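# Summary of the model geometry
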Amino acid sequence: MIASDVETAIDELQELVGAARVIAPFTGAGISTECGIPDFRSPGGLWTKNHPIPFEEFLASQEMRNESWRRRFAMEAQFSAAKPGRGHLALASLYRAGKAPAVITQNIDNLHQSSGISAEHVIELHGNTSYALCLDCGKRYELAWVREKFIAARERAPDCADCGGHIKTATVSFGQAMPGREMRRAEQLTLAKRNGARLAIINREATEFDEIADLVVREDIGTVLSPFIVH
């Protein structure tokens, strides 16, 4: 069913959520655009302006590692200024109420955690851009440390202080393996549709899963989810 208007969409969604014992939210870029985080994939998005750097190029080239960090620091103002939007706050309310035990997300902006959802219950399929990791030993680095070293070395990406490995934001690049643990957790939560669960999709554009959804809402995510916010 495609909701005909916002009011109908909200009513139908509230009915679905109310009837569910638990829900498994799966979020993408659309929930964060109202927070000032740009959509990477859509026309006019960041990847139409700067081609993404594949993982193998990051590993093979110092210049590509330098460029990767230049891009990340160029976006720091947007990421650091972003606050959770209405969609994040709504899902956090459902989480606190025990309705949503976890959130699965393709986003890397850390906004679900900032909204009050415990980090252990945010399943990040594409990683997180708010910190960095050594690709060899796994040591965590805060971005302030990386930036300091990067600037001091005249915009040369630093290597790990412990093992000399490459340091990269904790995100999943093209060609990089998806995180196995997170993928398994996401699959466990989303297998429910095959066992009779209801599926609601909130997205401005049509998706490949619309035909199997019980409710399709092509409206603004924040507007549709706002009624679920509990302060």
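Residues numbered from 1 in each chain as written. Predicted model: local features only at pLDDT ≥ 70, side-chain atom pairs only at ≥ 80, totals over all residues. Heavy atoms only, no water.

This part takes up the environment of Ala170. Structurally, Ala170 can be placed in strand E6 (residues 167–171). Measuring from C-alpha to C-alpha, the distance between Ala170 and Leu111 comes to 15 Å, with 59 residues separating the pair along the chain. What Ala170 contacts, discounting residues up to four positions off in sequence, is His126, Gly127, Asn128, Tyr131, Ala132 and Leu133. (Helix = DSSP H or I, 4+ residues; strand = E, 2+ residues; numbered from the N terminus. Contact = heavy atoms within 4.5 Å.)

Further remarks concern unusual backbone geometry. Trans is the prevailing form of peptide bonds, just as negative phi is the prevailing case for residues other than glycine. In this structure, Asn110 takes a positive phi of about 70 degrees despite not being glycine. Asn110 sits in the partly exposed class, given a relative accessible area of 22%. Although it is not a glycine, Arg154 sits at a positive phi angle of roughly 55 degrees. Mapped onto the fold, Arg154 is located in the loop between helix H8 (143–152) and E6. (Buried < 20%, exposed > 50% of the residue type's maximum accessible area, 1.4 Å probe, protein only.)

Another aspect to go through is the nonpolar core. Leu13, Leu94, Leu215, Val217, Leu225 and Phe228 are the most contacted members of the largest nonpolar core, which totals 21 residues. Among the secondary structure elements, those contributing two or more residues to this core are helix H1 (6–19), helix H6 (86–96), strand E8 (215–217) and helix H10 (221–225). Take this core: its biggest share by element is six residues, from H1. In this view, Leu215 contacts Met1, Ala3, Ala9, Glu12, Leu13, Leu16, Leu199, Ala200 and Ile201; residues no more than four positions away in its chain are not counted. Core analysis: the second largest hydrophobic core is formed by 11 residues, Ala132, Leu143, Val146 and Cys160 among them. (Core = buried A, V, L, I, M, F, W, Y, C linked by side-chain atoms within 4.5 Å.)

Among all positions of H8, only Leu143, Val146 and Phe150 are buried. Viewed along the axis of H8, the buried residues span an arc of 60 degrees, placing them on a single side of the element. Along H8, exposed side chains directed more than 90 degrees from the buried face belong to Ala144, Glu148, Ile151 and Ala152. Looking at the buried positions of H8, the neighbouring elements they touch are helix H4 (62–74), helix H5 (76–81), strand E4 (127–134), strand E5 (140–142) and E6. In the stretch just after H8, Arg154 is the one whose phi turns positive, near 55 degrees. (Arc of directions from axis to C-beta.)

Relative orientation of the contacting elements H4 and H8 amounts to 120 degrees, with a least axis distance of 11 Å. Our classification of the angle between H4 and H8 gives oblique. Between H4 and H8 the crossing geometry is left-handed. Of the residues in H8, those in contact with Asn66, Trp69, Arg70, Arg72 and Phe73 of H4 are Leu143, Val146, Arg147 and Phe150. Its residues placed into classes, the contact of H4 with H8 shows five nonpolar, one polar and three charged. (Axes fitted to C-alpha atoms, helices over the stretch in contact; angles between N-to-C directions. Parallel < 35°, antiparallel > 145°, perpendicular 65-115°, else oblique. Left-handed = near helix turned anticlockwise from the far one by under 90°. Nonpolar A, V, L, I, M, F, W, Y, C, P; charged D, E, K, R; others polar.)

Right, let's get into the sheet that holds strand E3 (residues 122–124). The parallel open sheet is built from three strands, whose spatial order is E1-E2-E3. Taken across any chain shown, the strands that pair with only one partner, and hence form the sheet edges, are strand E1 (26–27) and E3. Bridge count between strand E2 (residues 103–105) and E3: three bridges; the pairing is parallel. Bridging from a neighbouring strand, Ile104 pairs with Ile123 of E3. Running at roughly 120 degrees to E3, helix H9 (residues 180–190) makes contact with E2 and E3 of the sheet. (Pairing = 2+ DSSP bridges.)

Position of Asn107 among the secondary structure elements: in the loop between E2 and helix H7 (111–114). Look past the residues within four positions of Asn107 in its chain and what remains in contact with it is Thr27, Gly28, Ala29, Ile31, Ser32 and Gly127.

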